Amino acid sequence: MAYDYDDENIFAKILRGEIPNKTVHETEHTLAFHDIRPQAPLHVLLIPKGPYVNSDHFGLEASDAEILDFYRTLAKLSHDLGVAPGADGPGYRLIGNSGDHAHQEVPHFHMHLMAGRSLGAMLVNPA
Ligand code: 5GP
């Protein structure tokens with residue numbers, strides 16, 4: 001399977017330190033930072049540091065260590081930010097856009113962690 005990673009995408013530039021970001025948390029393989037155009041009171045982006053285009057690319061080709069670190073960091077973050085329902089938090093939504101139909105804007109795999117209010121229906125225009 002061929003995935004074509006664009007080194008000039010905005011998150012690659014953030015990872016190289018060419019563009020500033022408001023970092024929330026960083027590990028060996030993962031970076032979490034605030035979305036520049038928040039769509040909820042809390043809107044954090046979580047990205048692997050490796051060059052993966054989208055969720056299927058990451059799931060198929062990332063190392064076990066990268067995948068473990070990504071999802072463990074995501075879970076810990078939900079606790080640290082006080083939104084994890086498993087720790088009596090109010091809950092949160094994860095969104096991962098992959099490809100054209102999902103309107104993925106930045107071609108570097110990322111998950112949106114959104115919280116801070118009741119977020120309403122999952123899709124604005126359900127099928
Ligand atoms: P997508 O549509 O690809 O799932 O989401 C991309 C997200 O990246 C958007 O929510 C957008 O606001 C965010 N974004 C785009 N450029 C930048 C940037 O330069 N810095 C940060 N922090 N977020 C960005």
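Residues numbered from 1 in each chain as written. Predicted model: local features only at pLDDT ≥ 70, side-chain atom pairs only at ≥ 80, totals over all residues. Heavy atoms only, no water.

**With respect to the pairing of strand 1 (residues 23–26)**
Part 1: Both strand 1 and strand 2 (residues 30–34) contribute to a ladder of three bridges, which runs antiparallel. What sits directly across from Glu26, in strand 2, is Leu31. (Pairing = 2+ DSSP bridges. Helix = DSSP H or I, 4+ residues; strand = E, 2+ residues; numbered from the N terminus.)

**Description of the sheet that holds strand 1**
Part 1: The strand order 1-2-3-5-4 describes an open sheet built from five strands, whose pairing is antiparallel. On the outer flanks of this sheet lie strand 1 and strand 4 (93–95), each paired with one strand and no other. Direction aside, the axes of adjacent strands within the sheet are offset by 20° on average.
Part 2: Pairing analysis gives five bridges linking strand 3 (residues 42–48) to strand 5 (residues 111–115), with the strands arranged antiparallel. By the bridge assignment, Leu46 is partnered in strand 5 with Met111.
Part 3: Against the sheet, helix 3 (residues 64–80) engages strand 1, strand 2, strand 3, strand 4 and strand 5, with an angle of about 160° to strand 3. (Axes fitted to C-alpha atoms, helices over the stretch in contact; angles between N-to-C directions. Contact = heavy atoms within 4.5 Å.)

**Examining the site of the ligand**
Part 1: Surveying the vicinity of the ligand reveals 16 residues, the closest of which are Asp35, Asn97, Glu105, His110 and His112.
Part 2: The backbone of His103 places a nitrogen or oxygen atom 3.3 Å from an oxygen atom of the ligand.
Part 3: Side-chain polar atom of His110 to an oxygen atom of the ligand: 2.8 Å apart, as the coordinates give it.
Part 4: Considering the ligand on its own, with 520 Å² of exposed area, one finds that the protein chains cover 91% of that surface.
Part 5: Of all the secondary structure elements, the ones that give two or more residues to the shell around the ligand are helix 1 (10–15) and strand 2.
Part 6: Here the shell around the ligand gets three residues from one element, more than from any other, and that element is helix 1.
Part 7: A class-by-class count of the residues in the shell around the ligand yields seven nonpolar, six polar and three charged. (Near = heavy atom within 4 Å. Polar contact = N/O pair within 3.5 Å; in protein donor to acceptor, adjacent residues only side chain to side chain. Areas by Shrake-Rupley, 256 points an atom, 1.4 Å probe, with all protein chains shown as cover. Nonpolar A, V, L, I, M, F, W, Y, C, P; charged D, E, K, R; others polar.)

**Looking at the environment of Asn9**
Part 1: One can find Asn9 in the segment before helix 1.
Part 2: As for Asn9 and Leu46, which are separated by 37 residues in sequence, their C-alpha atoms are 15 Å apart.
Part 3: Setting aside chain neighbours within four positions, we find Asn9 in contact with Val106, Pro107 and His108.
Part 4: At 2.8 Å, the side chain of Asn9 and the backbone oxygen of Asp6 are in polar contact.

**Thoughts on the packing of aromatic side chains**
Part 1: Counting across every chain of the model gives six aromatic pairs.
Part 2: The interplanar angle of 80° and the centroid separation of 5.0 Å between the aromatic rings of Phe70 and Tyr71 together place this pair among those described as edge-to-face.
Part 3: A relative accessible area of 0% means that Phe70 is categorised as buried.
Part 4: Taken together, the ring pairs in this structure connect Tyr52, Phe58, Phe70, Tyr71 and Phe109 into an aromatic cluster. (Phe/Tyr/Trp six-rings, centres within 6.5 Å; stacked < 30°, edge-to-face > 60°. Buried < 20%, exposed > 50% of the residue type's maximum accessible area, 1.4 Å probe, protein only.)

**What to know about the pattern of salt bridges**
Part 1: Inspection of the entire model under this criterion finds five salt bridges.
Part 2: Lys13 is the salt-bridge partner of Glu8, the closest N and O atoms lying 3.9 Å from each other.
Part 3: What makes Lys13 partly exposed here is its relative accessible area of 24%.
Part 4: The partner of Arg16 in a salt bridge is Glu8, and the shortest N-O contact between them spans 3.7 Å.
Part 5: The partly exposed category is assigned to Arg16, whose relative accessible area is 40%.
Part 6: Beyond isolated ion pairs, a larger network of salt bridges with shared partners links Glu8, Lys13, Arg16 and Glu18. (Salt bridge = Lys/Arg side-chain N within 4 Å of Asp/Glu carboxyl O.)

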